[in-house]
2 protein chains.
Amino acid sequence: MNFSSRLLEDAVAEFSKLPGVGQKTALRLVLHLLNQQSEDVEKFSQAITRLRNEIKYCKVCHNISDLHICEICSAVKRDKSIICVVEDTRDVMAIENTNQYTGMYHVLGGLISPIDGVGPSDLNIESLVDRVKSGETGEIILALSATMEGDTTIFYLYKKLKEFNLPITTIARGIAFGGELEYVDEITLGRSIATRIPYENSLVK
Amino acid sequence: MNFSSRLLEDAVAEFSKLPGVGQKTALRLVLHLLNQQSEDVEKFSQAITRLRNEIKYCKVCHNISDLHICEICSAVKRDKSIICVVEDTRDVMAIENTNQYTGMYHVLGGLISPIDGVGPSDLNIESLVDRVKSGETGEIILALSATMEGDTTIFYLYKKLKEFNLPITTIARGIAFGGELEYVDEITLGRSIATRIPYENSLVK
């Protein structure tokens, strides 16, 4: 693109680095900001800088937090005996939104992915083992994505954690609610038959 | 959404204000920035603030520029006798990319749109009339979108400019190159028959 201004070009280049944002979208976003009040743009850029520089991670579960111990870890009412292991803070938010879970979390900060150069030592696995070692835990739920990376990570964690003789569970995989059978892929459908459960068990409150 | 941090919530709220960016996309972008180096995030937010505070608009054509007179207006080689009137800087970039036009531009900064509260006085129309009055101009091309707002603006400009007895043209409307007749809407197809041109004229270099 032929930019009429270097400042414009720089801003578009920065926006283009964001995931899923191409040059045309970046230009549209930048021109939108250019039409806003100067104070609003200042607020926008300050929110980003402050986030990056002042954000803390919970010392227990590694979730994003404003405090050293996050609200979930310091809550009195939650069940401290279950740890739900997730990839990142988005998964915590998604599970919290279901209102179905009242235990603790542990945020890995990613998944094992040799192709991206992410090994077990890059994730918050050591601290998970330490938490389990401390003896408070009664069950570990592995709530990771049903992808190659997710499965690799689940297998690695299982091997690391099985020595503690705790129930290690993974979230159920199968056809989604509202999903029509004929559109479900073969692997999911096949596995959902193999891992079928008694009808009464599917009626949980 | 339940955010685990106010800083995170603020940043997501700011990103959600951008056009076409919902809360989920905003969260994805913010978490991406959070994973970047602090200096890179600083660069990102500075590029935006600098753009907003230091940007200039060309005094002649109102295009975005780093100088008081933009490169196109100060170019010696360009044809000063033709002014192409466009909505915003994106249109200038699009036309420049065609390499088919060597005249001047005039950026209106929007289109007349009563529903959005944009009237003729909010656009750079007075300065266009002044440019034409100065006598250097031999033709005015109205290159505006083929929408209700575009047509309203074209009609307004035509009435304002016709007293100068100059050729006032609009860019051709019709079926796009590569377009198949059966998929073209009726208005476009009907108008493209009514405004047909001699075959030889369609063979411009």
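Criteria and thresholds
Every chain is numbered independently, its residues counted from 1 as its sequence is written. Going through the entries in the order they are written, you letter the chains from A and number the ligands from 1. Side-chain atom pairs in this predicted model are given and counted only at pLDDT of 80 or more, local residue features only at pLDDT of at least 70, and totals for whole chains, interfaces and linings cover all residues. Excluded from the side-chain calculations are hydrogens and water; all other atoms, namely the structure's heavy atoms, are used. UniProt positions are given in the numbering used here, feature names are shortened, and annotations may be inferred rather than shown by experiment. Numbering of helices and strands runs from the N terminus, with a helix taken as a DSSP run of H or I at least four residues long and a strand as a DSSP run of E at least two residues long. The rule is simple: take the accessible area with a 1.4 Å probe, protein chains only, and divide by the maximum for that residue type; under 20% is buried, over 50% is exposed, in between is partly exposed. When DSSP finds two or more bridges between two strands, those strands count as paired. Crossover handedness is defined by viewing with both strands directed away from the observer: a clockwise path from the first strand over the helix to the second marks the crossover as right-handed. Here, a salt bridge means any Lys or Arg side-chain nitrogen found within 4 Å of an Asp or Glu carboxyl oxygen. Helix axes are fitted only over the stretch in contact, all axes being lines through C-alpha atoms; the angle between N-to-C directions runs from 0 to 180 degrees. The predictor attaches a confidence to each residue, and that confidence, scored 0 to 100, is pLDDT. Between the rings of Phe, Tyr and Trp (Trp by its six-membered ring), a pair exists once the centres lie within 6.5 Å; its type follows the angle of the planes, with under 30 degrees stacked, over 60 edge-to-face, and the other angles tilted. Here a residue-residue contact requires only that any non-hydrogen atoms of the pair lie within 4.5 Å. Two parts placed together each lose some accessible area; with a 1.4 Å probe, that loss summed over both constitutes the buried area. Residues adjacent in sequence count toward polar contacts only when both atoms are side-chain atoms; beyond that, a polar contact is any pair of N or O atoms within 3.5 Å, and within protein one must be able to donate a hydrogen and the other to accept it. Domain limits in this description derive from either an automatic procedure or a database domain assignment. Between 65 and 115 degrees an angle is taken as roughly perpendicular, under 35 as roughly parallel, over 145 as roughly antiparallel, and anywhere else as oblique. When residues are grouped by polarity, Ala, Val, Leu, Ile, Met, Phe, Trp, Tyr, Cys and Pro land in nonpolar, Asp, Glu, Lys and Arg in charged, and all others, Gly among them, in polar.

Going by the annotation in an unreviewed UniProt entry, the name recorded for chain A is Recombination protein RecR, with Hufsiella arboris given as the source organism. What UniProt records for chain A under Sequence similarities (unreviewed entry) is the sentence "Belongs to the RecR family."

S.K.: It is not clear to me how the overall build of chain A should be interpreted in this structure. Could you clarify?
M.R.: Helix and strand counts for chain A stand at 8 helices and 6 strands. Moving toward the C terminus, one meets the helices and strands of chain A in the order α-α-α-β-β-α-β-α-β-α-β-α-β-α. Each principal axis of the C-alpha atoms in chain A carries an extent, and together these give about 65 × 45 × 35 Å. Within chain A, the fraction of its 205 residues that count as buried is 37%.

S.K.: Any chance you could explain the pairing of strand S3 (residues 79-86) of chain B here in plain terms?
M.R.: Both faces of the sheet carry side chains from a regular strand, because those side chains alternate between them. Residues and elements named next belong to chain B. Where S3 and strand S4 (residues 103-107) come together, 5 bridges link them in parallel fashion. Bridge pairing in S4 links valine 85 to histidine 106. Handedness of the crossover joining S3 and S4 through helix H5 (residues 89-98): right-handed. When S3 meets strand S5 (residues 139-142), the two strands line up parallel, connected through 4 bridges. For isoleucine 83, the partnering residue across the bridge sits in S5 and is isoleucine 140.

S.K.: Would you take a moment to explain the pattern of salt bridges for this structure?
M.R.: A side chain with one charge can pair with a side chain of the opposite charge if their charged atoms come near. All names here are of chain B. Going through the model one piece at a time under the given rule, you end up with 14 salt bridges over all chains. Between aspartate 10 and arginine 6 there is a salt bridge, with the nearest N and O atoms lying 4.0 Å from each other. Of this pair, aspartate 10 and arginine 6 are both found in helix H1 (residues 6-16), 4 residues apart, which corresponds to roughly one turn of the helix. Take arginine 6: its relative accessible area is 54%, and that puts it in the exposed class.

S.K.: Mind showing me how you'd approach the sheet that holds strand S6 (residues 168-170) of chain B here?
M.R.: Two modes of strand pairing occur in sheets, parallel and antiparallel, and in both the strands are linked by backbone hydrogen bonds. Residue and element names in this part refer to chain B. Read from one edge to the other, the open sheet built from 4 strands follows the order S4-S3-S5-S6, with strand pairing classed as parallel. Edge strands, defined here as strands with exactly one partner in the open sheet, are S4 and S6. Pairs of neighbouring strands in the sheet enclose a mean axial angle of 30°, with direction left out of account. The sheet contact formed by S5 and S6 spans 3 bridges and is parallel. When the sheet's bridge partners are listed, isoleucine 140 is paired in S6 with isoleucine 168.

S.K.: Hey, could you run me through the confidence of the model for chain A in this one?
M.R.: Any residue range with low pLDDT should be treated as having predicted coordinates unsuitable for detailed reading. Averaged over all residues, the pLDDT of chain A is 91; the fraction at 70 or higher stands at 99%. The element-level mean pLDDT for chain A is lowest in helix H8 (residues 186-194) of chain A, coming to 86, with strand S4 (residues 103-107) of chain A highest at 95.

S.K.: So what exactly am I meant to see when it comes to the packing of aromatic side chains here?
M.R.: One pair of aromatic rings is described through two measures. These are the centre distance and the angle between the planes. Under the definition given, this model contains 4 aromatic pairs over all chains. A ring pair is formed by Phe44(A) and Phe15(B), whose centres lie 5.1 Å apart and whose planes are at 55°; its orientation type is tilted. Here Phe44(A), found in helix H3 (residues 38-54), pairs with Phe15(B), found in helix H1, and the two come from separate chains. On the accessibility criterion, Phe44(A) (2% relative accessible area) is buried. Residue Phe15(B) is classed as buried on the basis of its relative accessible area, which comes to 1%. Relative to Tyr105(B), the ring of Tyr101(B) lies with its centre 5.2 Å away and its plane at 65°, an arrangement referred to as edge-to-face. We note that Tyr101(B), like Tyr105(B), is buried.

S.K.: Looking at this structure, I do not really get the interface of chain A and chain B. What am I missing?
M.R.: A common way to report how large an interface is uses the accessible area buried once the components associate. Listed as interface residues are 52 residues of chain A and, on the opposing side, 52 residues of chain B. Interface of chain A and chain B: buried area, both sides summed, is about 5,000 Å²; carbon and sulfur atoms make up 67% of it. At the surface where chain A touches chain B, the tally comes to 0 salt bridges. Inspection of the chain A/chain B interface yields 12 residue pairs in polar contact (both at pLDDT 80 or more). Secondary-structure elements contributing two or more residues to the side of chain A that touches chain B are helix H1 (6-16), helix H2 (23-34), H3, strand S2 (64-65) and helix H5 (89-98) of chain A.

S.K.: How should I be thinking about the domain arrangement of chain A in this particular structure?
M.R.: Under the domain assignment used here, chain A contains domain 1 (6-54) and domain 2 (79-171). A straight line from the C-alpha centre of domain 1 of chain A to that of domain 2 of chain A covers 35 Å.

S.K.: How do you make sense of the packing of H3(A) against helix H3 (residues 38-54) of chain B when you look at a structure like this?
M.R.: In a pair of packed helices, the angle between the axes and the distance between the axes together describe the arrangement. Contact pair H3(A) / H3(B): the axes reach a minimum separation of 9 Å and the direction vectors enclose 175°. Classified by the interaxial angle, the pair formed by H3(A) and H3(B) is roughly antiparallel. Note on element contacts: H3(B) touches H3(A) through Ser38(B), Val41(B), Glu42(B), Phe44(B), Ser45(B), Ile48(B), Thr49(B), Arg52(B) and Asn53(B), opposite Ser38(A), Val41(A), Glu42(A), Phe44(A), Ser45(A), Ile48(A), Thr49(A), Arg52(A) and Asn53(A). Residues that form the contact of H3(A) with H3(B) fall into these classes: 6 nonpolar, 8 polar and 4 charged.

S.K.: For this particular structure, what's the right way to read the UniProt feature "domain: Toprim" (unreviewed entry) in chain A?
M.R.: UniProt records the feature "domain: Toprim" (unreviewed entry) for residues 81-176 of chain A in the present numbering. Taken end to end, residues 81-176 of chain A is 33% helix and 19% strand, and its first and last C-alpha atoms sit 28 Å apart.

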